[in-house]
Amino acid sequence: MTLTGGAPSDADRRVEHPSLVPAQLLADPDAAPERGPDGVGSTGGRRRVRRSVRDWVVDVSGFLLALAGGAVFVGAALSESPPPSDALVLADVVAGSIACLLLWWRRRWPVQVAVLLALVGCFSDMASIAVLIALFTVAVHRRLPTVLALSALNLAAFFVYTVVRPTDDVPYPIVLGFGVLMTAAVVAWGMFVRARRQLVLSLRERATRAEREQHLRVEQARHLERTRIAREMHDVLAHRLSLLSMHAGALEFRPDAPPAEIAQAAGVVRASARQALEDLREVIGVLREANGDPATRPQPTLGDLPALVEECRRAGVRVRADYRVPELGSAPPATGRNAYRVVQEGLTNVRKHAPGTVAAVLVEGGPGRGLVVEVRNPPPAGAEHTAPLPNGGTGLIGLLERVSLGGGHLEHGWTTDGDFRLRATFPWPAGPVVR
């Protein structure tokens, strides 16, 4: 039997040989349980399903065994001297045959059938095997208190049988001992089968729960990855689009500018637009479903920071950079990437909210001392001719999450000197950098 839990599909629950498995183990674990008259489903709290081939073989064999065994016991009773009365034999055969027929409903109503057969067993030899089969079914499908109650009822019925149908050839204690032994053996066998089925069901439920949790973890990982990609897209495209907007505004409000300045601004617009399209194409490629891992461009590090500052200077932003790190490229990759994004976001905000000011970029630290990245700018002086850039208000929020995930700390706000400061601190281990 192949136990595969997880998504509720027939293919996932397909067993190698379903005809050899009880219907109780083939029941849909996600289906609502079908309750019996005593509040517990006949299939252990699961929805009842049709008999499997194995169940049909067992039921037919049990029915034929009950009939054959009952006929043997009736024949043995008729051979006794003196034989029982004709009325008792007739009642025995009729009631015993009905008891054997009731075995077909023992899975549906195990307790009720077992009670009826115990009453018939008070006088019927024909129902002897059927009574044991019904008790076995109760031991398989019901809990221990119910099984013990039915066992006591069967022992009481057997005591009545020994009074109604006494046997002179066998001592009475031996007859009682045989009845107790058979009852105990049937109950023990049924409880063993029940315990084994419960183990199989519990293993299937655990497999189902584990696979569902795995699906949940996969969905959470996808959500986190898409959130990370969206945050990366904001960090990259906000920088490019702010350059586009600033230079487009300069072209719009300075139509009388010298041709050289217009050509330079147009070149920056064209280069920024091309770079923004490449970044957007990269993000869209990552978001698309693909069979393999999408190839991504190498992420920026702290060593790429001078190029970012120089790019902003070419775009017209006045930046004063101070690098107090022995070697920018020696910073850990994750720390350097996060620091790069902090400076990128800070310079983007300067272009948005404080155009015309001088931004000061400070990078200091080293192995064992940590890394400090700071972007500072004064408030804008006077009114600007260009319209303000759109602001989603989520840049610093995403940046705070990025820095927190990197084990750092982020501060932003106005200082007592009247400058707006964006400051991030990151850990920098003293050991060698693992790339």
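Basis of the calculations
- Each chain carries its own residue numbering, running from 1 in the direction its sequence is written.
- Confidence filtering applies because this is a predicted model: local features only for residues at pLDDT of at least 70, side-chain atom pairs given and counted only at 80 or more, and all residues used for totals across whole chains, interfaces and linings.
- Hydrogen atoms and water are omitted, and side-chain values are computed over all heavy atoms in the structure.
- Secondary structure follows DSSP: runs of H or I at least 4 residues long count as helices, runs of E at least 2 residues long count as strands, and numbering of each begins at the N terminus.
- Between buried and exposed lies partly exposed: a residue is buried under 20% and exposed over 50% of the maximum accessible area for its type, with that area taken using a 1.4 Å probe on protein chains only.
- The contact rule is simple, with two residues in contact once any of their heavy atoms fall within 4.5 Å.
- Patch definition: residues with relative accessible area over 30% and no salt bridge; like charges joined within 9 Å; nonpolar side chains (Val, Leu, Ile, Met, Phe, Trp, Tyr) joined within 5 Å.
- Here the Shrake-Rupley method, with its probe set to 1.4 Å, supplies the accessible areas, and only the displayed protein chains count as covering residues.
- A side-chain nitrogen of Lys or Arg and a carboxyl oxygen of Asp or Glu constitute a salt bridge if their distance falls within 4 Å.
- When the centres of two rings from Phe, Tyr and Trp lie within 6.5 Å, Trp using its six-membered ring, the rings pair. Their planes under 30 degrees apart give stacked, over 60 give edge-to-face, and anything left gives tilted.
- We define the nonpolar core as a collection of buried residues of types Ala, Val, Leu, Ile, Met, Phe, Trp, Tyr and Cys that are connected through side-chain atoms lying within 4.5 Å of one another.

Draft legend 1. Layout of the overall build of the protein. Per the secondary structure count, the protein includes eleven helices and five strands. The buried share among the 435 residues of the protein stands at 37%. Put simply, 70% of the contacts in the protein that link residues at least 6 apart link residues at least 24 apart.

Draft legend 2. Spatial organisation of a nonpolar patch on the surface. Taken together, the side chains of F159, V160, V163, V164 and Y172 present a nonpolar region at the surface, about 430 Å² in accessible area. It is helix α6 (residues 144–164) that contributes the most residues to the nonpolar patch, four residues altogether. Its place among the elements puts Y172 in helix α7 (residues 172–253).

Draft legend 3. Just the packing of aromatic side chains, in detail. All chains considered together, the criterion is met by five aromatic pairs. Centroid distance W56 to W104: 6.0 Å. Interplanar angle 50 degrees. Geometry classified as tilted. Of the two residues, W56 is situated in helix α2 (residues 53–78) and W104 in the loop between α3 (86–102) and α4 (110–120); the sequence distance between them amounts to 48 residues. For W56, a relative accessible area of 42% corresponds to the partly exposed category. The class of W104 is partly exposed, set by a relative accessible area of 23%.

Draft legend 4. Seen up close, the pattern of salt bridges. By the definition in use, this model includes 13 salt bridges. Among the ionic pairs, D55 bridges to R107, the shortest N-O distance being 3.8 Å. Of the two residues, D55 sits in helix α2 while R107 sits in the loop between α3 and α4, which places them 52 residues apart along the sequence. The exposure class of R107 is buried, given its relative accessible area of 16%. As a salt-bridge pair, R421 and E411 come within 3.3 Å of each other at their nearest N and O atoms.

Draft legend 5. Structural view of the nonpolar core. Ranked by internal contacts, the top residues of the largest apolar core, which has 29 residues, are L302, V342, V343, L347, V363 and L371. Where this core is concerned, the elements lending two or more residues are α9 (305–314), α10 (333–353), β2 (358–366), β3 (370–377), α11 (395–405) and β5 (420–426). Considering each element in turn, this core owes the most residues, six residues, to α10. When sequence neighbours within four positions are dropped, the list of residues in contact with V343 reads L305, L308, V361, V373 and V375. Core analysis: the second largest hydrophobic core is formed by 27 residues, A99, A127, V131 and I133 among them.

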